[in-house]
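# Chain and residue survey
One-letter residues, chain by chain:
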Amino acid sequence: MRRRVDAESFTQRARLAWQTPHERKRLELVTFLLVSLAAFGHIVEDYLTGDPIVRWDVSFASWLHEHSNPALVTAFKLITIAGNAAFL
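All figures in this text were calculated on a predicted structure; none of them were measured in a lab. (Residues numbered from 1 in each chain as written. Predicted model: local features only at pLDDT ≥ 70, side-chain atom pairs only at ≥ 80, totals over all residues. Heavy atoms only, no water.)

### So, a nonpolar patch on the surface
Let me state the cut-off plainly: Patch criteria: residues need more than 30% relative accessible area and no salt bridge. Like-charged residues are merged within 9 Å; nonpolar side chains of Val, Leu, Ile, Met, Phe, Trp and Tyr are merged within 5 Å. Accessibility throughout is a Shrake-Rupley quantity obtained with a 1.4 Å probe, and a residue counts as covered only by protein chains that appear here. Counted as salt bridges are all cases of a side-chain nitrogen of Lys or Arg within 4 Å of a carboxyl oxygen of Asp or Glu. The numbering of helices and of strands both runs from the N terminus, where a helix is a DSSP run of H or I of at least 4 residues and a strand a run of E of at least 2. Think of it in three bands: with a 1.4 Å probe and only protein chains considered, a residue is buried below 20% of the maximum accessible area for its type, exposed above 50%, and partly exposed in between.
A cluster of nonpolar residues, Ile 53, Trp 56, Phe 60, Trp 63 and Leu 64, forms a patch on the protein surface that exposes about 540 Å² of accessible area. Mapped onto the secondary structure, Leu 64 falls in helix H3 (residues 52-66). Taking relative accessible area as the criterion, Leu 64 reaches 42% and is therefore assigned partly exposed.

Right, here's the structure in full:
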């Protein structure tokens, strides 16, 4: 009987938490944090196990480094600055 009361009070507290904007924002932020951590963990796992996407990324980065020149570097720096929030 005690467990049922605890479950009902938890449900009521959860329902009340969604009613206040502060608590809703806190729950949204915690959910976002957990999803972000899970995504980061997945990327780390791919890196540690040497998945094909990681091997492709390393070979592509090497190719870009071999074929770079000062004009392209300057062009991409300008593109990066153009996407900056202060510039926009």
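### Comments concerning the packing of aromatic side chains
Applicable threshold: Geometry of aromatic contacts follows a simple scheme: Phe, Tyr and Trp rings, the Trp one being its six-membered ring, pair when their centres are within 6.5 Å, and the pair is stacked under 30 degrees between planes, edge-to-face over 60, tilted otherwise.
Applying the stated criterion across every chain, the model contains two aromatic pairs. Geometrically, the ring pair formed by Phe 60 and Trp 63 is stacked, given 6.2 Å between the ring centres and 15° between the ring planes. Here Trp 63 and Phe 60 lie together in helix H3, a separation of three residues that amounts to about one turn. What makes Phe 60 partly exposed here is its relative accessible area of 34%. Since its relative accessible area comes to 44%, Trp 63 is described here as partly exposed. Each member of the aromatic cluster is reached from another via a ring pair, and the members are Trp 56, Phe 60 and Trp 63.

In short, shape yes, function no, at least from these values alone.
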